[in-house]
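# Coordinate inspection notes
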Amino acid sequence: MGSAQKYELPFKLNNPDLLHSLSFVHGEWKKSKSGKTFEVVGELHDPGTGKAWTECPTNDASDVDEAVQSSQRCFEKYKNISPRARAQMLFKWDSLIRENKEDIATILVYETGKPRAEAYGEIEYSTGFTWWFAGEAERIQGSVFTPALPDRRVFTIKQPLGVAAALVPWNFPIAMILRKAGAALAAGCTMIVKPSPETPITILTLAYLADKAGFPKGALNVLTTDLEKTPELSEALCRHGLVKKVSFTGSTRVGKLVAKICSDNLKKVTLELGGNCPVLIFDDANIDQAMGQIFALKYRHAGQACITANRIYVQSAIFDKFLERWNAETQKIVVGHGADKETTMGPVTTPRGIEKALALVNDAKSKGAKIHTGGNKISKNGGYFFEPTVITGVTPDMDIASEEIFAPVCTFLKFDTEDEVVKAANNTSMGLASYCFTKNVDRLWRLFENLEAGMIGLNTGNSSAAESPFGGIKQSGYGKESGKDVAVAEYLITKTGTFTLEGQS
Ligand SMILES: O=CCCC(=O)O
């Protein structure tokens, strides 16, 4: 359990052994070399009350080498473990996570603020990855090619890259880790995780269960740290000679820094960066379907998902009706602590999130936007609550028109033609996800081809799943996580063999 005893836990677990607050390196729970810990406001706090309930080691660059050496030692053996044995460990991990889902959901609620039902949803979604990658482990394959010369044979094999580092965000801590670690461990790589300062505890729980599932010591190490030391620790991981691959999920600004640092040593990088995702609703759409799908997408985790709806374009003929319905539904949302049964939307995870939402809304208001619902922070039990907010009249000079909102704030824009709305939707540097609703099959197909994003939702607001390649284009990054072949490929090298065959007449 580590140093968490000095705090009063705001919850009870069925299995208290799940709760750990020290870093996990080579199968041991460890303090940082400096002995420092953190529990700064907005980092390790219950977002529903603003109260600290544990603390974690503040690791810095001096803690990195020991963790990487452990991962490398483990890799030397782990790479030779049979793919079936890797699959079996992934399956065991998967079942342990499912068996403990009630407790994991509790920790998730108190780290991220999301309502309990959403916490269960995240665990269900995330175990899709352990299950999927267990299957992928045995299906890694090379190729044999038709040679140009009669005595030549050409073929490729796939081999694990080595030690991988994962730099992960706080909004879906379980999903992000299982998506990255699932692929890495299936491929035969080992992984060091640097969790976000807001959500290290769920990840330490997963590391504990990975150990119980039989993964060897060093297969999954976790180094915690605070916001201040995050750049130093992350850079030390990215620069370490034995780290061969970095997978980062977070902002475009930081993603570019990660790519720059990794480029010094030509390290393989996967970048899942920000989104500014548009939704296009045409007047021939099934309105019930569009409402249901986009409402769930937009308010999921209080708007804090990279693939959430940032700009909702509705065709003129249905605009007023759609907006009226959206407003009415929004006003029914019950904002509260994620552990309260009545809550349908939790707090945002950090006080920074509240400040940003408020600044975006106030900027839009001052430039003439209309606020139909919400627009303010909610003072309630010290938590970081923001009113679900609906805005129209957004113009390009407003910050909210171009920035990723990451809060329960929806902007609605009117359009007339397909050409016009496709241009507007694509008019962003980002390209993570886009969504469109229409019952015209030709149009749906055109939109699929013409919208500039890595993932297109066609009459759906939910396209995240283990079998779907996840990743963006443009400034939303590169590389794919999840999906067949592509995700595991991020952790493999391709080696080409060329062979001269004697004695074949
Ligand atoms: O916030 C980014 C990830 C969301 C998802 O995996 O659906």
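Scroll up to find the structure.
Structural notes, computed from the coordinates. These numbers come from a predicted model, not from an experiment.

About the thresholds
- Residues numbered from 1 in each chain as written.
- Predicted model: local features only at pLDDT ≥ 70, side-chain atom pairs only at ≥ 80, totals over all residues.
- Heavy atoms only, no water.
- Buried < 20%, exposed > 50% of the residue type's maximum accessible area, 1.4 Å probe, protein only.
- Helix = DSSP H or I, 4+ residues; strand = E, 2+ residues; numbered from the N terminus.
- Pairing = 2+ DSSP bridges.
- Right-handed = clockwise from strand over helix to strand, strands pointing away.
- Disulfide = S-S within 2.5 Å.
- Phe/Tyr/Trp six-rings, centres within 6.5 Å; stacked < 30°, edge-to-face > 60°.
- Axes fitted to C-alpha atoms, helices over the stretch in contact; angles between N-to-C directions.
- Near = heavy atom within 4 Å.
- Polar contact = N/O pair within 3.5 Å; in protein donor to acceptor, adjacent residues only side chain to side chain.
- Areas by Shrake-Rupley, 256 points an atom, 1.4 Å probe, with all protein chains shown as cover.
- Nonpolar A, V, L, I, M, F, W, Y, C, P; charged D, E, K, R; others polar.
- Expected span 1.5 Å × (residues − 1).
- Parallel < 35°, antiparallel > 145°, perpendicular 65-115°, else oblique.
- Contact = heavy atoms within 4.5 Å.

## Re the pairing of strand β15 (residues 309-315)
On a regular strand, one side chain projects to one face of the sheet and the next to the other, so that they alternate. Among the 7 residues of β15, 7 are classified as buried, and the element is accordingly described as predominantly covered. Looking at chain direction, strand β14 (residues 277-281) and β15 are connected through 5 bridges and run parallel. Within the sheet, the bridge partner assigned to L280 lies in β15 and is Y313. Since β14 and β15 lie parallel, the crossover through helix α9 (residues 287-299) that links them has a hand, and here it is right-handed.

## Side note on the state of the cysteines
All chains considered together, the criterion is met by 0 disulfides. Not part of a disulfide, C74 finds its nearest cysteine sulfur in C189, a span of 11 Å. Take C262: it sits in no disulfide, and the sulfur closest to it among the cysteines is that of C238, at 4.0 Å.

## Some points on the packing of aromatic side chains
One pass over the full model with this rule turns up 16 aromatic pairs. On the numbers, 4.9 Å between centres and 70 degrees between planes, the contact of F91 with W131 is edge-to-face. Within this pair, whereas F91 is found in helix α2 (residues 83-99), its partner W131 is found in helix α4 (residues 116-137), the two being separated by 40 residues in sequence. Taking the relative accessible area as the measure of exposure, F91 reaches 33% and is therefore partly exposed.

## Focus: the pairing of strand β13 (residues 268-272)
Most of β13 sits out of view: 4 of its 5 residues are buried. Strand direction decides the pairing type here: strand β12 (residues 243-249) and β13, joined by 5 bridges, are parallel. Across the sheet, V246 pairs through a bridge with V269, a residue of β13. You can see the chain leave β12, run along helix α8 (residues 252-263) and come back into β13, and the turn it takes is right-handed.

## What to know about the sheet that holds strand β7 (residues 143-145)
Taken together, the 3 strands give an open sheet; going across it, the order is β7-β8-β26, and neighbouring strands pair in antiparallel fashion. Looking at strand neighbours, the two that pair on one side only are β7 and β26 (492-500), the edges of this open sheet. Averaged over neighbouring strand pairs, the angle between their axes works out to 20 degrees when direction is ignored.

## Details of the site of the ligand
Lining the immediate surroundings of the ligand are Y125, N171, F172, M176, R179, R300, A305, C306, I307, S464 and F470. Contact distances for the ligand include 2.6 Å between an oxygen atom and a side-chain N or O atom of Y125. Between the ligand and R179, the relevant distance is 3.1 Å, taken from an oxygen atom to a side-chain nitrogen or oxygen of the residue. In isolation the ligand exposes 250 Å². Once the protein is present, 99% of that is buried. Looking at the shell around the ligand residue by residue, the classes come out as 7 nonpolar, 2 polar and 2 charged.

## What about unusual backbone geometry?
Of note in this structure, H26 is not a glycine but carries a positive phi near 50 degrees. Mapped onto the elements, H26 comes out in the loop between β1 (23-25) and β2 (28-30). Classification of H26 by relative accessible area gives partly exposed; the value is 23%.

## Looking at helix α6 (residues 200-212)
The first and last C-alpha atoms of α6 sit 19 Å apart over 13 residues, in line with the 18 Å expected at 1.5 Å per residue. A large share of α6 lies buried, amounting to 11 of its 13 residues. Taken as a whole, α6 has its buried residues at P200, I201, T202, I203, L204, T205, L206, A207, Y208, L209 and A210. Positive backbone phi, at 105 degrees, marks G214, one or two positions downstream of α6.

## Focus: the packing of α4 against helix α5 (residues 173-187)
Relative placement of two packed helices is described by the angle separating their axes and the distance separating the axes. Relative to each other, α4 and α5 sit at 5 degrees, their axes nearing to 8 Å. As the angle between them shows, α4 and α5 are arranged roughly parallel. Where α4 approaches α5, its residues E122, I123, Y125, S126, T127, F129, T130, F133 and A137 are matched on the opposing element by P173, I174, A175, L178, R179, G182, A183 and A186. Looking at the contact of α4 with α5, its residues break down into 11 nonpolar, 4 polar and 2 charged.

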